[in-house]
Amino acid sequence: MSELLKRKRILSGIQPTGTPTLGNYLGALRNWALLQNSYDCLYMVADLHALTVRQVPADLRRNSRALTALLLAVGIDPKEHILFVQSHVPAHCELSWILACNTQFGELSRMTQFKDKSAKHPDNVNGGLFTYPVLMASDILIYNADLVPVGQDQTQHLELARDIAGRFNNIYGETFVLPEGYVPAAGAKVMSLSEPTKKMSKSDPNVNSFILMTDDKDTIVRKFKRAVTDSDGMVHFDTANKPGVSNLMTIYAAFTGKTMPEIEAEFAGKGYGDFKMAVAETTVDAICPVQEELQRIQADKAYVDGVLKDGAERAARLANRTVSKVHRKVGLLQLEK
Ligand code: ATP
Ligand code: LTN
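Here the structure is a predicted model, which is why all the values come from computation and not from measurement.

Asks: Looking at this model, I keep getting lost on the pattern of salt bridges. Mind explaining?
Replies: One pass over the structure, following the stated rule, counts 14 salt bridges. Its salt-bridge partner being Asp-215, residue Lys-223 comes within 2.7 Å of it at the nearest N-O pair. Here the residues in one salt-bridge network are Glu-195, Lys-198 and Asp-204, joined through shared partners.

This is the structure:
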């Protein structure tokens, strides 16, 4: 294919820290599947990033495979694109060291996720948590990704990746592509159902705060029914004063494609009960087919592992090329082969 016709490249990652939520799906996974039609995609299970928070080893291993199966179930095509586990491509860590030597302490100190996670796990504020965004920059820059689909919470990390790439290029000459973020218009930040001023997170201890991609129909309906709203009874979009209702509207908009005024009109004069049922039904309709596919794929462990083996080989080939170029640029001695 000529250079002109070459498709742009995407990279994104998700941590195997539990079962993905509706937030992960609307903020990231759904777009991963859609973007496959227009880009060359690399999608990654970010197991090294998961180690920044203490994990039970057996769970981490199981979650990495289960997450791969879910990515296949949402429609990621491992033949046309590349699906792999981060730790299977050691080049990410090699590049990460060099990038860390080109990243300032002050820059990393400003990352809000570092501040949030340090507050959440005060007994384990480890070096990995601090340098997490450098490894993420390495994940992206090692493939010269043009576009990175993420939810809103990751945009600060992406900005840092751009800054690191720009600085490196200035010092050592053109090496890295500056990546752009791709944040969805609807669903970029799905909030907790029980505390709608916090983001929905799969590591939240309150199970009623999130919808999991594996929740059955009854559980989904029950969780939406219990979702925190307010007492004025109006389906109206106002994130400052009505965060609970606005969050449900965001979810409904993401699934139906309707605008906020359209949703307000649809539920004018109706109570929150009707509205919550409608949100639950559109969610069930979207998630159930994914669950059926997931069950089918999970029954075939050899298939899932085969996908990952192939993915790691293809990803490593691309990644090693970048690492070799970077070694040359920064002056690491390379011997002739
Ligand atoms: P954890 O709870 O373990 O911190 P997480 O739920 O935030 O995890 P990640 O693996 O960090 O999940 O994120 C995977 C992708 O999902 C990222 O692109 C992230 O931006 C997106 N994402 C996570 N939570 C939400 C949310 N509530 N709304 C929209 N997108 C989200
Ligand atoms: N940090 C991300 C997961 C992640 C990622 C990446 C996303 C790791 N490496 C590279 C995009 C590109 C998160 O916590 N959601």
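Asks: Teacher, can you tell me more about the environment of Ala-50 here?
Replies: Structurally, Ala-50 can be placed in helix H2 (residues 47-50). Separated by 153 residues in the primary sequence, Ala-50 and Ser-203 have C-alpha atoms spaced 11 Å apart. Setting aside residues no more than four positions away along its own chain, Ala-50 makes contact with Gln-15, Pro-16, Thr-17, Gln-55 and Leu-60.

Asks: Just to check I follow, could you spell out helix H9 (residues 217-226) for this structure?
Replies: For an α-helix, 3.6 residues make a turn, and residues three or four places apart therefore share a direction. Taken residue by residue, H9 has Thr-219, Ile-220, Val-221, Lys-223 and Phe-224 as its buried positions. Each element contacted by the buried residues of H9 is listed here: helix H1 (22-35), helix H10 (243-256) and helix H12 (272-298).

Asks: What is the right way to read unusual backbone geometry from this model?
Replies: Leaving glycine aside, a negative phi is the common case for residues, and trans is the common case for peptide bonds. Of note in the backbone geometry, Asn-144 takes a positive phi value of approximately 50° without being a glycine. The residue Asn-144 is located in the loop between helix H7 (127-141) and strand S4 (147-149) in this model.

Asks: How should the site of ligand 1 be read in this particular structure?
Replies: Around ligand 1, the structure places 21 residues, and the nearest of them are Asp-153, Val-190, Lys-199, Ser-201 and Ser-203. Thr-17 places a side-chain nitrogen or oxygen 3.1 Å from an oxygen atom of ligand 1. Within the side chain of Lys-199, an N or O atom sits 2.4 Å from an oxygen atom of ligand 1. Coverage of ligand 1 by the protein amounts to 96% of the 610 Å² it exposes when considered alone. Looking at the shell around ligand 1 residue by residue, the classes come out as 6 nonpolar, 10 polar and 5 charged.

Asks: Just to check I follow, could you spell out the site of ligand 2 for this structure?
Replies: Every one of the 14 residues lining ligand 2 counts as a neighbour, but Gln-15, Tyr-132, Met-136, Asp-139 and Gln-154 are closest to it. Contact distances for ligand 2 include 3.0 Å between an oxygen atom and a side-chain N or O atom of Gln-15. Asp-139 has a polar side-chain atom sitting 2.7 Å from a nitrogen atom of ligand 2. Protein chains shield 92% of the accessible area of ligand 2, which is 360 Å² for the free molecule. Among the elements that make up the shell around ligand 2, the one with the highest residue count is H7 (4 residues). Looking at the shell around ligand 2 residue by residue, the class counts come to 8 nonpolar, 5 polar and 1 charged.

Asks: Honestly, the environment of Phe-130 in this entry has me stumped. Any pointers?
Replies: Inspection of the secondary structure puts Phe-130 in helix H7. Setting aside anything within four residues of it in sequence, one finds Phe-130 in contact with Phe-105, Leu-108, Ser-109 and Phe-114.

Asks: Got a minute to help me understand the packing of H9 against H12 in this structure?
Replies: Each pair of packed helices gets described by two things: the angle between the helix axes and the distance between those axes. As a packed pair, H9 and H12 sit with axes 9 Å apart at the nearest point and diverge in direction by 145°. Here H9 runs over H12; the crossing is right-handed. Residues Lys-217, Ile-220, Val-221, Phe-224, Lys-225 and Arg-226 of H9 lie in contact with H12, whose contacting residues are Lys-276, Met-277, Val-279, Ala-280, Thr-283 and Val-284. The class makeup of the residues in the contact of H9 with H12 is 7 nonpolar, 1 polar and 4 charged.

Calculation notes
Residues numbered from 1 in each chain as written. Chains lettered and ligands numbered in written order. Predicted model: local features only at pLDDT ≥ 70, side-chain atom pairs only at ≥ 80, totals over all residues. Heavy atoms only, no water. Salt bridge = Lys/Arg side-chain N within 4 Å of Asp/Glu carboxyl O. Helix = DSSP H or I, 4+ residues; strand = E, 2+ residues; numbered from the N terminus. Contact = heavy atoms within 4.5 Å. Buried < 20%, exposed > 50% of the residue type's maximum accessible area, 1.4 Å probe, protein only. Near = heavy atom within 4 Å. Polar contact = N/O pair within 3.5 Å; in protein donor to acceptor, adjacent residues only side chain to side chain. Areas by Shrake-Rupley, 256 points an atom, 1.4 Å probe, with all protein chains shown as cover. Nonpolar A, V, L, I, M, F, W, Y, C, P; charged D, E, K, R; others polar. Axes fitted to C-alpha atoms, helices over the stretch in contact; angles between N-to-C directions. Left-handed = near helix turned anticlockwise from the far one by under 90°.

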